[in-house]
Amino acid sequence: MHVVILGAPGSGKGTQSAKMIEKYNLHHLSTGDMLRAEIEAGSELGLAAKSIMEQGNLVSDDIILGMVANKINALGSTAVLFDGFPRTVAQAEGLDKLLADLDQSVSHVIQLDVPFDEITERMLARGRADDSEDSIRNRLQVFSNQTAPLIDYYEAQDKLFKVDGLGSVDEIYQRVQEVLG
Ligand code: B4P
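Residues numbered from 1 in each chain as written. Predicted model: local features only at pLDDT ≥ 70, side-chain atom pairs only at ≥ 80, totals over all residues. Heavy atoms only, no water.

Engineer: Even after reading the chapter, I still don't get unusual backbone geometry, so can you show me in this structure?
Structural biologist: Working note: non-glycine residues mostly have negative phi, and peptide bonds are mostly trans. Backbone torsion omega between Phe85 and Pro86 reads 0°, so that peptide bond is classified as cis. Within the element layout of this structure, Pro86 appears in the loop between strand 3 (80-83) and helix 5 (89-100). For Asn25, which is not a glycine, the phi torsion comes out positive at approximately 55°. Classification of Asn25 by relative accessible area gives exposed; the value is 65%. In this model, Asp103 sits at a positive phi of 60°, which is unusual for a non-glycine residue. The residue Asp103 is located in the loop between helix 5 and strand 4 (108-113) in this model. (Helix = DSSP H or I, 4+ residues; strand = E, 2+ residues; numbered from the N terminus. Buried < 20%, exposed > 50% of the residue type's maximum accessible area, 1.4 Å probe, protein only.)

Structure below.
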């Protein structure tokens with residue numbers, strides 16, 4: 001079982017992931033967390049990613065796919081929850097290929113559906129380094145242009161489950177469990 005959690009920035013992917021990994025015994029692979037760890041460590045990759053993230057743009061597909069490939073190969077057959085990845089069709093194709101090489105595939109894609117107004121409020125309240133108003137506006141635009149096409153991509157593979165992402169964290173988690181069983 002490999003699960004992808006898909007949703008706009010601030011839709012609650014990280015929040016729901018923390019709950020899902022416990023119950024379903026999944027390895028949490030968050031590309032956002034991996035990038036923030038690189039920034040924290042002051043690595044070359046982190047230095048390159050920092051300003052891109054603060055502006056609310058996407059780090060390049062090559063960097064992200066390289067990072068994820070290393071992790072997947074190290075994990076072997078461990079079931080993974082992919083959080084915030086893939087974010088472009090190129091990343092989704094790359095993931096399918098990486099998993100196919102290991103005779104594996106994505107089993108479920110949970111799409112967290114939250115209106116943009118609510119998302120903006122949540123992110124302004126969170127106040128992370130990349131949560132300025134300009135960055136939020138840009139990230140929502142980037143989501144619509146580059147990540148939303150993944151909804152069709154996974155629908156065509158019959159793997160997409162849309163979950164209403166409005167309500168309390170527990171209410172949303174209840175809906176997620178109805179999908180994953
Ligand atoms: P991410 O780290 O993936 O973060 P996110 O999309 O901003 O947030 P998430 O959806 O996880 O929301 P959260 O649970 O925190 O990305 C950050 C940046 O990294 C990207 O903009 C990009 O630059 C870069 N990046 C990452 N992956 C990449 C990739 N694959 N390719 C290229 N670039 C990549 O929730 C948000 C807030 O809402 C929190 O404060 C939370 O407490 C609150 N909240 C959650 N659920 C709630 C609820 N039900 N009700 C009210 N509030 C709620």
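Engineer: Honestly, the pairing of strand 3 in this entry has me stumped. Any pointers?
Structural biologist: Two faces belong to every sheet, and in a regular strand the side chains alternate between them. What you see with strand 3 is no split at all: Val80 and Phe82 on one side and Leu81 and Asp83 on the other are buried throughout. Sheet analysis places strand 2 (residues 27-30) next to strand 3, joined by four bridges and oriented parallel. Paired with His27 across the two strands is Val80, which belongs to strand 3. (Pairing = 2+ DSSP bridges.)

Engineer: Just to check I follow, could you spell out the packing of helix 4 (residues 61-75) against helix 5 for this structure?
Structural biologist: When two helices pack together, their arrangement is captured by the angle between the axes and the distance separating the axes. Look at helix 4 against helix 5: their axes get within 10 Å of each other, and the N-to-C directions meet at 25°. One finds that helix 4 runs roughly parallel with respect to helix 5. Considering the relative orientation of helix 4 and helix 5, their crossing is right-handed. For the pair helix 4 and helix 5, the contacting residues are Asp61, Ile64, Leu65, Val68, Ala69 and Ile72 in the first and Ala90, Gln91, Gly94, Leu95, Leu98 and Leu99 in the second. Taken together, the residues that form the contact of helix 4 with helix 5 break down as nine nonpolar, two polar and one charged. (Axes fitted to C-alpha atoms, helices over the stretch in contact; angles between N-to-C directions. Parallel < 35°, antiparallel > 145°, perpendicular 65-115°, else oblique. Left-handed = near helix turned anticlockwise from the far one by under 90°. Contact = heavy atoms within 4.5 Å. Nonpolar A, V, L, I, M, F, W, Y, C, P; charged D, E, K, R; others polar.)

Engineer: Which parts of the structure should I look at to understand helix 9 (residues 169-180)?
Structural biologist: An α-helical turn contains 3.6 residues, so a residue and the one three or four places further along point in the same direction. In this model, helix 9 (12 residues) spans 16 Å end to end at C-alpha, consistent with the 16 Å of a helix rising 1.5 Å per residue. Where helix 9 is buried, its residues contact strand 1 (3-7), helix 1 (13-24), strand 4 and strand 5 (160-164). Positive backbone phi, at 85°, marks Gly181, one or two positions downstream of helix 9. (Expected span 1.5 Å × (residues − 1).)

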